[in-house]
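# Reading the structure
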Amino acid sequence: MACVSMASVVPTMGRAQATTERTDTAAVAPYRNQLIALPYVSYSPQTKLLFGAGGRYQFKSPAARAEKGTRPSTLSANAAYTTKGQWGAGFGVSLYLPQNRWSIAGGVGAGFFPVTYYGVGSDTRVSDGTLLDQHFLGTDIRVLRQVTGDFSAGVHYRGASYYGVKFEDPSRITAGLAGATGGVLSGAGVVVQVEARNSTTTPTTGHYLLVDLLRYGGWLGSEFGYTSLAVDARVYLPVRRAGDVIALALYGQWNGSGVPIQAMSMLGGITTQELMRGVYLGRFRDQHELVAQADYRGHLKGRFGYVVYGSAGNVFGSAGRALFDAMKFTYGAGLRFNINPADPLNLRVDYTLTSFGSPGLSLGAAEAF
C-alpha cells in the first residue's frame, strides 16, 4: 500500500523547528525574513481526496537581524480537509531569545482523521488492518535554557485527548487494550540537548543529541500511567565534493507497559525527524522502537540536489517480541530543490521501497532528519 506523507510540510505538535546558526556575535548583513506557503493535495482510501495548505514564517526580531548569534525563529501552521468530512489543523512555534540563551518550541493540534490500525507488533499483516476513527486535541511544549556552548537543558510537557474512538471491526481488538476507548494523556519531564548543527532544516555539518524523559500519571490528569524515554542522535559529515553530505541518525524510544496505542512507538512516526520515510504512520507499532538511518545528499546543478538513503529498524517489546524479530529495511532516492539559497531550505520528494512490500512517497519541506 502506497503512502503519501506531508508531515514535514505541516507542523505537528512539538515539532516546530528553525534554522540554526552557530553563536557568533560578528555583524552580518541584515537577516531576510522568509514566508513560505504550500498548498497540497493527496489521496488515500481512508480520506479520499485531501486538500490542505501549510505555511512557515522564518524570522529574527528587529534587534537580532543584524547579528549572527541569535538563531532564526519560526512560526508554522497548517489546515486540511477531505471529501469525506475529515479535518485537521495545527500551529507550531520555535522561538529563540537573544544569543539563544532560552528557546521555546511547541505547538497545538486538533482534528478528526481515520487511520488504519494493524495491531501491535512487528509481524502484523496488511490483512490485519481495520479502520480506526477518532478525534484528537493535543499540545506539546519544550522550554530549554542554554547551560554552556551547544548544551541546553529544560522541561517538557505533552498532553493529548482522544475521544469518539471507533473501530470498523471491533472483534479484532484485544480486550483491555490501552487507548481502545480513547482517553486523556498528560506527561511532564526533563530534556537535555546538544545542538551543534549549522542548520536544523538543511544541515550539512555538525551533530545533534536529544535525551527526553517524560512521566505520565494521574498527578497531571492523565488516564494512563507510564514513563517514556527517547534518544535522538545525528551526525553530518561533509564530503569532499562541494555541497555533498553523509547524514547518519539513530533514534530510540522506550515506553512503559501502560502506553496507549495512540502513543506507542511507530515506524513512520514524526519526532523531529521522519523515521523510515514513506512508511504508513502506524503500519507497525509497539512498546519500543529503534531505527538507524543514513542519507547521501548530493548536489546536481543550481538549486537542485538528490538523496540516496536507507534505514533499518523495528518496533518491539510486547508479548516477548525482540528487536531483531522481523527486522524492517527501507531504501530509496529522492530529489531536492532549495527554495531559499540565502538560508537553505529544501523541498523534497522521496520514493521508498521496503522489505515488507509497501512502497511509499514522501513529500515535504526540510530534510527528513
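This one's a predicted model, so the numbers in the text were calculated from it and none came from an experiment.

### Details of the overall build of the protein
Each helix and strand counted, the protein has zero helices and 20 strands in total. Here the protein holds 369 residues, and the buried ones make up 52% of them. Across the protein, every contact between residues at least 6 apart in sequence was considered, and the portion connecting residues at least 24 apart equals 60%. Summed over all atoms, the accessible surface of the protein reaches about 15,800 Å², with 65% contributed by carbon and sulfur.

### A few points about the pairing of strand β19 (residues 346-354)
Burial of the side chains of β19 is restricted to one face: Asn-346, Arg-348, Asp-350, Thr-352 and Thr-354 are buried, whereas none of Leu-347, Val-349, Tyr-351 and Leu-353 on the reverse face is. Pairing of strand β18 (residues 328-338) with β19 involves nine bridges; the strand directions are antiparallel. Opposite Gly-332, over in β19, you have Thr-352 as the bridge partner. As paired elements, β19 and strand β20 (residues 360-365) share six bridges and run antiparallel to each other. Residue pairing for β20: Val-349 is matched across the bridge by Leu-363.

### Notes on the pattern of salt bridges
Close approach of charged atoms allows side chains of opposite charge to pair. Inspection of the entire model under this criterion finds 15 salt bridges. Here Arg-125 and Asp-128 are joined by a salt bridge, their closest N and O atoms 3.1 Å apart. A residue is classified by how much of its surface remains accessible, and Arg-125, at 53% relative accessible area, is exposed. Under the relative-accessibility criterion, Asp-128 is labelled partly exposed at 22%.

### Digging into a nonpolar patch on the surface
Where nonpolar side chains cluster on the molecular surface, the patch consists of Leu-300, Phe-304, Tyr-331, Leu-335, Val-349, Tyr-351, Leu-353 and Leu-361 and spans about 730 Å² of accessible area. Elements supplying a minimum of two residues to the nonpolar patch: β18 and β19. In terms of residues, the nonpolar patch owes the most to one element, β19, which gives three residues. Considering the arrangement of structural elements, one finds Tyr-331 in strand β18. When its relative accessible area of 48% is taken as the criterion, Tyr-331 is described as partly exposed.

### Brief notes about the environment of Leu-250
Here Leu-250 shows up in strand β13 (residues 245-255). When its relative accessible area of 43% is taken as the criterion, Leu-250 is described as partly exposed. Measuring from C-alpha to C-alpha, the distance between Leu-250 and Asp-232 comes to 6.1 Å, with 18 residues separating the pair along the chain. Each residue touching Leu-250, except ones within four places of it in the same chain, is listed here: Val-231, Asp-232, Ala-233, Leu-290, Val-291 and Ala-292.

Definitions and limits used
- Residues numbered from 1 in each chain as written.
- Predicted model: local features only at pLDDT ≥ 70, side-chain atom pairs only at ≥ 80, totals over all residues.
- Heavy atoms only, no water.
- Helix = DSSP H or I, 4+ residues; strand = E, 2+ residues; numbered from the N terminus.
- Buried < 20%, exposed > 50% of the residue type's maximum accessible area, 1.4 Å probe, protein only.
- Contact = heavy atoms within 4.5 Å.
- Areas by Shrake-Rupley, 256 points an atom, 1.4 Å probe, with all protein chains shown as cover.
- Pairing = 2+ DSSP bridges.
- Salt bridge = Lys/Arg side-chain N within 4 Å of Asp/Glu carboxyl O.
- Patch = residues over 30% accessible without salt bridge, like charges linked within 9 Å, V, L, I, M, F, W, Y side chains within 5 Å.

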